[in-house]
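An overview of the molecular structure
If you want the building blocks of each chain, they are given just below.
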Amino acid sequence: MPDAPSDRVADTSVPIQSAIAARWSPRAFDPAAPLSDDDLTAILEAARWAATWGRRQPVRFLVGRRGDDDFATIAALLRRGNSYAKAASALLVLCSDEGEDERTKLYSAVDAGAAMANLTIEAVSRGLIAHPMAGFDPKGTAEAFGLPQELRPLIVIAVGRLGDYSDVAEEIAERDRRPRERLPLSEIVLNWR
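Residues numbered from 1 in each chain as written. Predicted model: local features only at pLDDT ≥ 70, side-chain atom pairs only at ≥ 80, totals over all residues. Heavy atoms only, no water.

Now for the side chain of Arg27. Secondary-structure assignment places Arg27 in the loop between helix H1 (18-22) and helix H2 (37-48). For Arg27, the side chain forms a polar contact with the side chain of Asp176, separated by 2.3 Å. Apart from residues no more than four positions distant in its own chain, Arg27 is found in contact with Tyr84, His131, Tyr165, Ile172, Arg175 and Asp176. (Helix = DSSP H or I, 4+ residues; strand = E, 2+ residues; numbered from the N terminus. Polar contact = N/O pair within 3.5 Å; in protein donor to acceptor, adjacent residues only side chain to side chain. Contact = heavy atoms within 4.5 Å.)

Structural data, given as structure tokens:
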């Protein structure tokens, strides 16, 4: 078992699904762990079946697997602070087709969030880890992959297996040891309790 931070399960007021409670965003990836075709397909299927406005399905993905050219391209577009993700088994760029009007643009972002949530929960349920990152070059991504103007790269998601924290930089290990915290329900539900 890799050296990893403990107590990562969410502290909730009532029990919730175990894969949701166990989901967090580790930064220590096993640089040798493969990602099976079935696991990759399953997390993408989970994203595909997320809730979507008007059946529009505006979510698109770019997929790079460690060792292929697409992975190298996506990895090169990460900001320096996310260089740990280069050890992941796959890098996925979640994009949103913003359409031609403001309403479609708004709801495409909602759909993207739902897809990301489904993907990360499916990853956890399969013993994988997933770390979404905003620290990348969206414009460079669009150019590198020849994306149409209406397709906006929103986030990169690193996917793989948990690595050994004794093999990562101390600042990464320290960040991942910090307690998991969220605002209490009383602060995020405005009209309840």
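Our focus in this paragraph is a negative patch on the surface. Side chains of Glu100, Asp101, Glu102 and Glu150 sit close together on the surface and give a patch of like negative charge. Tracing the sequence through the fold places Glu102 in helix H4 (residues 102-125). With a relative accessible area of 61%, Glu102 lands in the exposed category. (Patch = residues over 30% accessible without salt bridge, like charges linked within 9 Å, V, L, I, M, F, W, Y side chains within 5 Å. Areas by Shrake-Rupley, 256 points an atom, 1.4 Å probe, with all protein chains shown as cover. Salt bridge = Lys/Arg side-chain N within 4 Å of Asp/Glu carboxyl O. Lys, Arg positive; Asp, Glu negative; His and termini not counted. Charge placed at Lys NZ, Arg CZ, Asp CG, Glu CD. Buried < 20%, exposed > 50% of the residue type's maximum accessible area, 1.4 Å probe, protein only.)

Once that is clear, we can look at the nonpolar core. Within the largest apolar cluster, 21 residues are counted, with the highest numbers of intra-cluster contacts made by Leu91, Met133 and Val156. For this core, the secondary structure elements donating two or more residues are helix H3 (69-76), strand S2 (90-97), strand S3 (129-133) and strand S4 (151-160). Beyond its immediate sequence surroundings of up to four residues, Leu91 is in contact with Leu62, Val63, Gly64, Phe71, Ile74, Ala75, Leu78, Ala85, Met133, Val156, Ile157 and Ala158. If you look at the next biggest cluster of nonpolar residues, it comprises 18 residues, including Leu35, Ile43, Leu92 and Val159. (Core = buried A, V, L, I, M, F, W, Y, C linked by side-chain atoms within 4.5 Å.)

Moving on: the environment of Ser186. Mapping Ser186 onto the fold places it in helix H7 (residues 185-188). By relative accessible area, which is 58% here, Ser186 ends up exposed. The sequence separation of Ser186 and Glu170 amounts to 16 residues, and the corresponding C-alpha distance is 35 Å.

Together, Leu183, Leu185, Ile188 and Trp192 make up a nonpolar patch on the protein surface, roughly 410 Å² of accessible area in all. Checked against the element boundaries, Leu185 lands in helix H7. Since its relative accessible area comes to 36%, Leu185 is described here as partly exposed.

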